[in-house]
Amino acid sequence: MQATTTLGDKMAVNGLGPYDDQNIFARILRGEIPCRKVAEDAFSLAFHDIAPQAPVHVLVIPKGAYVSFSDFSAKASEAEITGFFRAVGAIAKRLELESPGYRLIANMGPDSNQEVPHFHVHLMGGKNLGRMLVA
Ligand code: AMP
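Positions within a chain are numbered from 1, following the residues in the order the chain's sequence is written. Local features are withheld for residues below a pLDDT of 70 in this predicted model, meaning they are given only at 70 or higher, and side-chain atom pairs are given and counted only at 80 or more; totals for whole chains, interfaces and linings count all residues. Hydrogens and waters are ignored; side-chain quantities use all the structure's heavy atoms.

1. Side note on the site of the ligand
Here's step 1: Nearness is judged by heavy atoms alone; a residue qualifies as near a molecule or strand once a single heavy atom is within 4 Å of it. Near the ligand there are 16 residues, and of these Asp49, Asn107, Glu115, His120 and His122 occur at the shortest range.
Here's step 2: A 3.5 Å cut-off defines polar contacts: any pair of N or O atoms within that distance qualifies, except that in protein one atom must be a possible hydrogen donor and the other a possible acceptor, and neighbouring residues in sequence count only when both atoms are side-chain atoms. At 2.8 Å from an oxygen atom of the ligand is found a side-chain nitrogen or oxygen belonging to Asn107.
Here's step 3: Taking His122, its side chain carries an N or O atom lying 2.8 Å from an oxygen atom of the ligand.
Here's step 4: We get accessible surface area from the Shrake-Rupley algorithm with a probe of 1.4 Å; when it comes to residues, only the shown protein chains can shield them. Burial of the ligand by the surrounding chains reaches 85%, relative to a free accessible area of 510 Å².
Here's step 5: Elements with a minimum of two residues in the shell around the ligand: α1 (24–29) and β4 (44–48).
Here's step 6: Taken together, the residues of the shell around the ligand break down into eight nonpolar, six polar and two charged. Each helix corresponds to a stretch of at least 4 residues labelled H or I by DSSP, and each strand to a stretch of at least 2 residues labelled E; elements are numbered beginning at the N terminus. Gly counts as polar in this scheme, as do all residues outside two lists: the nonpolar Ala, Val, Leu, Ile, Met, Phe, Trp, Tyr, Cys and Pro, and the charged Asp, Glu, Lys and Arg.

2. What about the pattern of salt bridges?
Pairing of side chains with opposite charge becomes possible as their charged atoms draw close.
Here's step 1: A pair is scored as a salt bridge if a Lys or Arg side-chain nitrogen falls within 4 Å of a carboxyl oxygen belonging to Asp or Glu. Within the structure shown, the criterion is met by five salt bridges.
Here's step 2: Taking the shortest distance from any N to any O, the salt bridge between Arg27 and Glu32 comes out at 3.2 Å.
Here's step 3: Owing to a relative accessible area of 31%, Arg27 belongs among the partly exposed residues under this scheme.
Here's step 4: Its relative accessible area of 42% is what places Glu32 among the partly exposed residues.
Here's step 5: Note that Asp71 is salt-bridged to Lys75, the shortest N-O span being 3.1 Å. Taken as a pair, Asp71 and Lys75 lie in helix α2 (residues 69–75) at a separation of four residues, close to a single helical turn. Relative accessibility thresholds used throughout: buried, under 20% of the residue-type maximum; exposed, over 50%; partly exposed, between the two (1.4 Å probe, protein chains only).

3. Quick look at the nonpolar core
Here's step 1: Judged by nonpolar contacts, the single largest core of 17 residues is most densely connected at Ala46, Val58, Val60, Phe84 and Ile91.
Here's step 2: Broken down by secondary-structure element, the contributors of at least two residues to this core are β3 (37–40), β5 (56–62), α3 (78–94) and β7 (121–125).
Here's step 3: The greatest single-element share of this core, amounting to four residues, is contributed by α3.
Here's step 4: Nonpolar core, defined: a set of buried Ala, Val, Leu, Ile, Met, Phe, Trp, Tyr and Cys residues in which side-chain atoms within 4.5 Å join the residues together. Judged by nonpolar contacts, the second largest core, of seven residues, contains Ile28, Leu45, Phe47 and Leu59.

4. Description of the sheet that holds β5
Here's step 1: The strand order across the open sheet built from five strands is β3-β4-β5-β7-β6, with neighbouring strands paired in antiparallel fashion. If you trace the sheet from one side to the other, it starts and ends with β3 and β6 (102–105), each paired once. Strand-to-strand, the axes of this sheet are offset by a mean angle of 20 degrees, without reference to chain direction.
Here's step 2: A strand pair is defined by DSSP finding two or more bridges across the two strands. Pairing analysis gives four bridges linking β6 to β7, with the strands arranged antiparallel. Paired with Leu104 across the two strands is Leu123, which belongs to β7. As a rule, the C-alpha atoms of each element are fitted with a line to give its axis, helices using only the stretch in contact, and angles between N-to-C directions run from 0 to 180 degrees.

Below, the structure is given as structure tokens:
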């Protein structure tokens, strides 16, 4: 099981532990849990966040089993990394976010409050998002 840290009523993952194949995004990838799919290809799946924080809030996840950005950037193949990030860019373009702009967020570990231990990028836009967050 992925090691966790208590953060109020949520559990933040440490981003470094072994992959938990029962995490919610692994279950979405296996089709055990539904999602509002935006796009899918050989390397990635994109779907709407269940609790959107912006008018457009899409999660893009790699199909491989990576706990966090640190895990993905260290262990994924060049084809997986290239395929994943090209997909993120293509989805942003398809959602017509290039001209107004958008924000990418990848939470990694306790200080980021990462909750789901499967690497994901938040693609957010649809309004001016203000300046970078500092809680
Ligand atoms: P993070 O804090 O970066 O791990 O973000 C996890 C994100 O996953 C949050 O924005 C949640 O709202 C979102 N989320 C959790 N469960 C689901 C789900 N079943 N479908 C879509 N988004 C989800």
